[in-house]
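Examining the three-dimensional arrangement
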Amino acid sequence: MIAPDPDPDAAEIAGRLRAIRARIAAAATAAGRAPESVTLVAVSKTKPAAAVAAALAAGQTVFGENRVQEAAEKFPPLRAAHPDLRLHLIGGLQTNKAREAVRLADVIETLDRPRLADALEAAMERDARRPDLLIEVNTGAEPQKSGIPRADADSFIDVCKSRFGAQLRGLMCVPPHGEDPRPHFTWLAACARAHDLPVLSMGMSADFEIAIACGATWVRVGSAIFGARG
Ligand SMILES: *Cc1c(COP(=O)(O)O)cnc(C)c1O
């Protein structure tokens, strides 16, 4: 284990954001794509609200959190001060957290089973709030990970499309740690294309440039911006 670095200060976060944005633009250009075709989701999980505030001050508006409870504690005050803030929930979601997730999030990236689709739909009707949705695919068939199995993806996507319409924006995956992510990214890109879904959320601090080469439209970058997590 590498020891976590001390939390970076605001100037350091701003500098890291600039560097990541430049690398995203370079990777997009190298892939023959417009830099604006890639959205940076800054993953602030485990980091204090002050770190998010520093990123907001540096012009970052899109954030990712993986726990509903943590997001609920951190984000409402920040959102009040920054109406353009967009919050993505990117962690496996328990059905009993669906309602709070719908109230909090602008995007839920981890729709991965019929019962969760039911719970989200019920919550959206009750609260008249319709966050965008991505379907997470467990491309590496890892038992401990959330995500629908590859074999079930086509039928689940079809069902969710007819149920949620354009609110279903695309697909997301987290390839197995330490494996070459390319086959996972390529598979997800082909699946999104086959279903005519515009958004592909893939790539993290260690592999976002590879993901962009494979067609990622959203990259989720945490530690390269906010420092290692303890
Ligand atoms: C934590 C997390 C990230 C960011 O990971 P880093 O390696 O810190 O960039 C991206 N996606 C998901 C789903 C995560 O849980």
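Below, the structure is looked at part by part. Since the model is a prediction, treat every value here as computed from it, not as a measurement.

Our focus in this paragraph is helix H3 (residues 68-81). Between the first and last C-alpha of H3 there are 20 Å, a value that for 14 residues agrees with the 20 Å anticipated at 1.5 Å per step. At Phe75, H3 shows its maximal kink, close to 40°; a proline, Pro76, follows between one and four residues later. Buried positions along H3 lie against helix H2 (49-57), strand S2 (62-65), strand S3 (86-89) and helix H4 (98-104).

This part is about the packing of H2 against H3. Between H2 and H3, whose axes approach to 10 Å, the crossing angle comes to 35°. Between H2 and H3 lies a crossing of right-handed hand. Listed contacts from H3 to Ala49, Val52, Ala53 and Leu56 of H2 are Lys74, Phe75 and Leu78. Class assignment of the residues belonging to the contact of H2 with H3 gives a composition of 6 nonpolar, no polar and 1 charged.

Near the ligand there are 13 residues, and of these Lys45, Ser205, Gly222, Ser223 and Arg229 occur at the shortest range. Ser223 is positioned such that a nitrogen or oxygen atom in its backbone is 2.8 Å from an oxygen atom of the ligand. Here the ligand has 380 Å² of accessible area as a free molecule, and 88% of this is covered by the chains. Class assignment for the residues of the shell around the ligand results in 6 nonpolar, 4 polar and 3 charged.

Enumeration according to the criterion identifies 15 salt bridges in this entry. When the shortest N-O distance is used, the salt bridge between Arg16 and Glu12 registers 3.4 Å. Note that Arg16 and Glu12 are positioned in helix H1 (residues 10-30) at a spacing of 4 residues, about one turn of the helix. Residue Arg16 is classed as partly exposed on the basis of its relative accessible area of 23%.

Definitions and limits used
- Residues numbered from 1 in each chain as written.
- Predicted model: local features only at pLDDT ≥ 70, side-chain atom pairs only at ≥ 80, totals over all residues.
- Heavy atoms only, no water.
- Helix = DSSP H or I, 4+ residues; strand = E, 2+ residues; numbered from the N terminus.
- Expected span 1.5 Å × (residues − 1).
- Bend = angle between axes of the 7 residues up to and from the residue.
- Contact = heavy atoms within 4.5 Å.
- Axes fitted to C-alpha atoms, helices over the stretch in contact; angles between N-to-C directions.
- Left-handed = near helix turned anticlockwise from the far one by under 90°.
- Nonpolar A, V, L, I, M, F, W, Y, C, P; charged D, E, K, R; others polar.
- Near = heavy atom within 4 Å.
- Polar contact = N/O pair within 3.5 Å; in protein donor to acceptor, adjacent residues only side chain to side chain.
- Areas by Shrake-Rupley, 256 points an atom, 1.4 Å probe, with all protein chains shown as cover.
- Salt bridge = Lys/Arg side-chain N within 4 Å of Asp/Glu carboxyl O.
- Buried < 20%, exposed > 50% of the residue type's maximum accessible area, 1.4 Å probe, protein only.

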